[in-house]
Amino acid sequence: MRTRRLRLTSLALSAVSLLVVPLAGCSNGSGSGDDSNVSLRMTVWSNDKSQTALFDSIAAEYRKTHPDIRSITFDYIPIDNYTTALTTQIAGSNPPDMAWVLERDAPDFVTSGALTDLTPTLEKTAGYQYGDLTPAATKLWKQGGDLYAYPFSTSPFGMFYNKDLLKKAGVKQTPDQMVAAHQWTWQNAEQIAARVAAHTDKQGLVIRDWDYKTWIELAALWRGWGADAWSADGKTCTFDAPAMRQAMTFLHDAIFTDKALPGPGETADFFAGESALTVTQISRATLLANHPFDWGIVPLPSGPTGASQVIGQAGIGVLTKGSHKQQAADFLAYFSDPANSAKLARYFPPARTSQLTTGTLAGANPLFTPQQLQQVVIDGIKNGAVLPSHQDSAKIANLVQNALDPMWKAGANVDSVLAGVCKAIAPALSE
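Just so it is clear, the model here is predicted, and its values are computed rather than measured.

A few points about the overall build of the chain
Alright, step 1. Across its full length, the chain carries 18 helices and 11 strands.
Alright, step 2. A globule of 431 residues ought to have a C-alpha radius of gyration of about 22 Å, and the chain, at 22 Å, matches this closely.
Alright, step 3. Within the span of the chain, comprising 431 residues, buried residues form 56% of the whole.
Alright, step 4. Relative to all contacts within the chain whose residues are 6 or more apart in sequence, the contacts with residues 24 or more apart total 78%.
Alright, step 5. Element-wise, carbon and sulfur atoms account for 51% of the exposed surface of the chain, whose accessible area totals about 16,800 Å².
Alright, step 6. The centroid of the 35 positive side-chain charges in the chain is displaced by 3 Å from the centroid of its 39 negative side-chain charges.

Below, the structure is given as structure tokens:
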């Protein structure tokens, strides 16, 4: 579970780019150091106590049969500064052995030579079932058919809703009922949000972690219009395409005309009961474990081009600058084997075909009903597309954010702003 989404910086980009030349040609050997008394370290962005306790328990079990491994630690780095701090460590004298990597950073990390090829280790590990990893989940982390990071979390976005607030606002039909009636659309979700905002003292819809800054979160909305940030080959900006103009006009009107979303500078936490709807990843359901209100979850609404589900993804890679690459790869094979993948599924939806069943997921996710697991998690992973990613992601992210800033005021010229985004990022896309 990600506590917040990451805004990348140019410093992070620079650090990754520094890795390209010195790492070229590195092998997946054991590296330097005493291989009989090994300490392994993995950087993570989660400090959730229940998650870190699970990590520690898996590591403890592994060490029982691997006396050469003295310790395995999980090094927490806050998400706001994660990639910058990680790449600084890699470029310095104390690189981690393993690291979590966000989907938007995958092209930079995979192509730079910063990560080792995991394929030989995973394929030869007894009982690993390498072929069970879904092609859709591994696609982003492969180059030339080789796997450079294990996609430990393939987490679909969904729409949580507060049943109590909808009832208070006099909403006649819940999102679940709309799904059943094939009426679950962005237009209807926006109408629900606007009604709640108008008839209660709470907010309507929150696209969590967007905050008028982390624009990539808006992919959950605009893909319902068939829009995306750039072409499939990554070479052409499509922020100024008709589909994106329609989606962003819809969003702008929802904010400034219908007041269906909190405006700039306003905040509302769905999980604290402050909004009726929120778009976020399904792993956030742990925040509802104490059942603060009656809630439900449904897939993302359909747009003019139909349903379009979105996935956030994270991989674990072994760093080529690490001192114990083979030991790290061996531990990663254990950490992600079928048994431990099933344990991790409580927080991180698995990349294994055999585990994408309501039976398996229900055991790890007791907060969800079998129907919710099927509709949001299983169907979301099978049919969804990962959030946008691109080489030089940090640079591009900053360019997009700065160019989008004029959008977030009443009366903004949406078409003009989107044309400005393409003008800003076109040179970077073609580099």
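That covers the picture; the talk isn't over yet.
Quick notes on the packing of helix α3 (residues 49-64) against helix α13 (residues 325-335)
Alright, step 1. Contact geometry of α3 with α13 gives a least axis separation of 10 Å together with a crossing angle of 115°. Helix-helix and strand crossings are classified by hand; for α3 and α13 the assignment is right-handed. Side by side, α3 and α13 meet where Phe-55, Ile-58, Ala-59, Glu-61 and Tyr-62 of the first sit next to Gln-327, Asp-330, Phe-331, Tyr-334 and Phe-335 of the second.
Alright, step 2. The residue inventory of the contact of α3 with α13, partitioned by class, reads seven nonpolar, one polar and two charged.

Focus on the pattern of salt bridges
Alright, step 1. Counting across every chain of the model gives eight salt bridges.
Alright, step 2. Between Asp-132 and Arg-352 there is a salt bridge, with its nearest N and O atoms 3.6 Å apart. Here Arg-352 lies in the loop between α14 (338-344) and α15 (358-364) and Asp-132 lies in the loop between α6 (119-124) and α7 (135-138), a separation of 220 residues in the sequence.
Alright, step 3. Among the ionic pairs, Arg-223 bridges to Asp-228, the shortest N-O distance being 3.1 Å.

What to know about helix α16 (residues 370-383)
Alright, step 1. Burial in α16 covers these residues: Gln-372, Leu-373, Val-376, Val-377, Ile-378, Gly-380 and Ile-381. Axial view of α16: buried residues confined to an arc of 155°, hence all on one face. Counted as exposed and oriented over 90 degrees from the buried face of α16: Pro-370, Gln-371, Lys-382 and Asn-383.
Alright, step 2. Looking at the packing, one finds that the buried side of α16 touches β6 (150-162), β9 (295-298), β10 (310-318) and α15.

Some points on the confidence of the model for the chain
Alright, step 1. Averaged over every residue, the pLDDT of the chain is 89; the share at 70 or more is 92%.
Alright, step 2. Contacts of residues 17-33 to residues separated by more than four positions or lying in other chains number 32 contacts, the stretch itself having pLDDT below 50.

How each quantity is defined
Residues numbered from 1 in each chain as written. Predicted model: local features only at pLDDT ≥ 70, side-chain atom pairs only at ≥ 80, totals over all residues. Heavy atoms only, no water. Helix = DSSP H or I, 4+ residues; strand = E, 2+ residues; numbered from the N terminus. Rg over C-alpha atoms; globule rule 2.2 N^0.38 Å. Buried < 20%, exposed > 50% of the residue type's maximum accessible area, 1.4 Å probe, protein only. Contact = heavy atoms within 4.5 Å. Areas by Shrake-Rupley, 256 points an atom, 1.4 Å probe, with all protein chains shown as cover. Lys, Arg positive; Asp, Glu negative; His and termini not counted. Charge placed at Lys NZ, Arg CZ, Asp CG, Glu CD. Axes fitted to C-alpha atoms, helices over the stretch in contact; angles between N-to-C directions. Left-handed = near helix turned anticlockwise from the far one by under 90°. Nonpolar A, V, L, I, M, F, W, Y, C, P; charged D, E, K, R; others polar. Salt bridge = Lys/Arg side-chain N within 4 Å of Asp/Glu carboxyl O. Arc of directions from axis to C-beta. pLDDT = per-residue confidence, 0-100.

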